[in-house]
Amino acid sequence: MHGHGQEHLKVLLRSSAIQKRVREMGHQISKDYKGQRVHLIGVLKGAAIFLSDLIRQIRVDVSLDFMSVSSYGHGSQTSGQVRLMKDLDTSIEGLNVIVVEDILDTGLTLGYLLRVLQQRKPNSLKIAALLDKPERRIKKDVKADYVGFQIPNEFVVGYGLDYAERYRNLKDVCVLSLPPS
Ligand code: 5GP
């Protein structure tokens, strides 16, 4: 598949495989929270597509909210700095919260988010990540409770994930190779 300019895309996870796995994740969550209510917190913008598919596979009472943090800026290298850009609309006190992330990479973003959210006294706090790059983890104590796919250490785009705001619309998750700079 061809990307923009000299950027090259190679399919890593096909749309059909993603849809099947997201269905399984939704069923697992429905089983784990049977008879309870869950509150999904989507981390903008990357997780928006995953969250919109996941929430429709959940069969228990569910509500949602969004948060936004800055991590990557416009490049493909993490800055290691995390800043809260948009906070939640409502309190999470006493709720069964699941943070929905597109990808767990170094763990710095989720580590920060979990610290912030834990202070707000949810009844429980779990993580659902579509993708996990375990090789890249810096914060070793950050683990996802629900993981879609473990992937190798490559920069991926599609299904919500961007490179400089592009490629979020791809149905497959693809590895992006950049021209040598
Ligand atoms: P972490 O803080 O775990 O290093 O990074 C989490 C965030 O970095 C993700 O939410 C995502 O925005 C970004 N990120 C990490 N790896 C990739 C990748 O391979 N592709 C894209 N597009 N974003 C990534």
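Shown above is the structure to which this text applies.
Small disclaimer: the values here were computed from a predicted structure and weren't measured. (Residues numbered from 1 in each chain as written. Predicted model: local features only at pLDDT ≥ 70, side-chain atom pairs only at ≥ 80, totals over all residues. Heavy atoms only, no water.)

Moving on, we come to the site of the ligand. Surveying the vicinity of the ligand reveals 15 residues, the closest of which are Asp102, Thr106, Thr109, Val156 and Asp162. With respect to the ligand, the backbone of Leu108 contributes an N or O atom lying 3.5 Å from an oxygen atom. Protein chains shield 93% of the accessible area of the ligand, which is 510 Å² for the free molecule. Looking at the shell around the ligand, the elements that each hand over two or more residues are β5 (96-104) and α3 (108-118). At 3 residues, β5 tops the list of elements feeding residues into the shell around the ligand. (Near = heavy atom within 4 Å. Polar contact = N/O pair within 3.5 Å; in protein donor to acceptor, adjacent residues only side chain to side chain. Areas by Shrake-Rupley, 256 points an atom, 1.4 Å probe, with all protein chains shown as cover. Helix = DSSP H or I, 4+ residues; strand = E, 2+ residues; numbered from the N terminus.)

The next subject is the sheet that holds strand β1 (residues 8-13). Spatially, β1-β9-β8 is the arrangement adopted by the 3 strands of the open sheet, whose pairing is antiparallel. The open sheet has two edge strands, β1 and β8 (156-157), and neither has a second partner. (Pairing = 2+ DSSP bridges.)

The contact between helix α1 (residues 15-32) and helix α2 (residues 48-55) brings their axes to 9 Å, and the two run at 60°. Classified by the angle between their axes, α1 and α2 sit oblique to one another. Crossing handedness for the pair α1 and α2: right-handed. Only Phe50, Asp53 and Leu54 of α2 make contact with α1, whose side of the interface consists of Gln19, Val22, Met25, Gly26 and Ile29. (Axes fitted to C-alpha atoms, helices over the stretch in contact; angles between N-to-C directions. Parallel < 35°, antiparallel > 145°, perpendicular 65-115°, else oblique. Left-handed = near helix turned anticlockwise from the far one by under 90°. Contact = heavy atoms within 4.5 Å.)

Assignment of secondary structure puts Ser30 in helix α1. Apart from residues no more than four positions distant in its own chain, Ser30 is found in contact with Gln57, Ile58, Arg59 and Val60.

In this section: the packing of aromatic side chains. Both the distance between ring centres and the angle between the ring planes are used here to describe each pair of aromatic rings. Within the structure shown, the criterion is met by 1 aromatic pair. Arranged with centres 6.1 Å apart and planes meeting at 80°, the rings of Phe155 and Tyr163 form a pair that is edge-to-face. (Phe/Tyr/Trp six-rings, centres within 6.5 Å; stacked < 30°, edge-to-face > 60°.)

Across a sheet, strands are paired by hydrogen bonds formed along the backbone, either parallel or antiparallel in direction. With respect to topology, 6 strands assemble into an open sheet ordered β4-β3-β2-β5-β6-β7, the strand pairing being mixed. For this open sheet the edge positions go to β4 (83-86) and β7 (146-150), each flanked by a neighbour on one side alone. In this sheet, adjacent strand axes meet at a mean angle of 30° when their direction is disregarded. Direction of pairing for strand β6 (residues 124-132) relative to β7: parallel, over a ladder of 4 bridges. Within the sheet, the bridge partner assigned to Ala128 lies in β7 and is Tyr146. Lying on the sheet, α1 is in contact with β5, β6 and β7; it crosses β7 at an angle near 160°.

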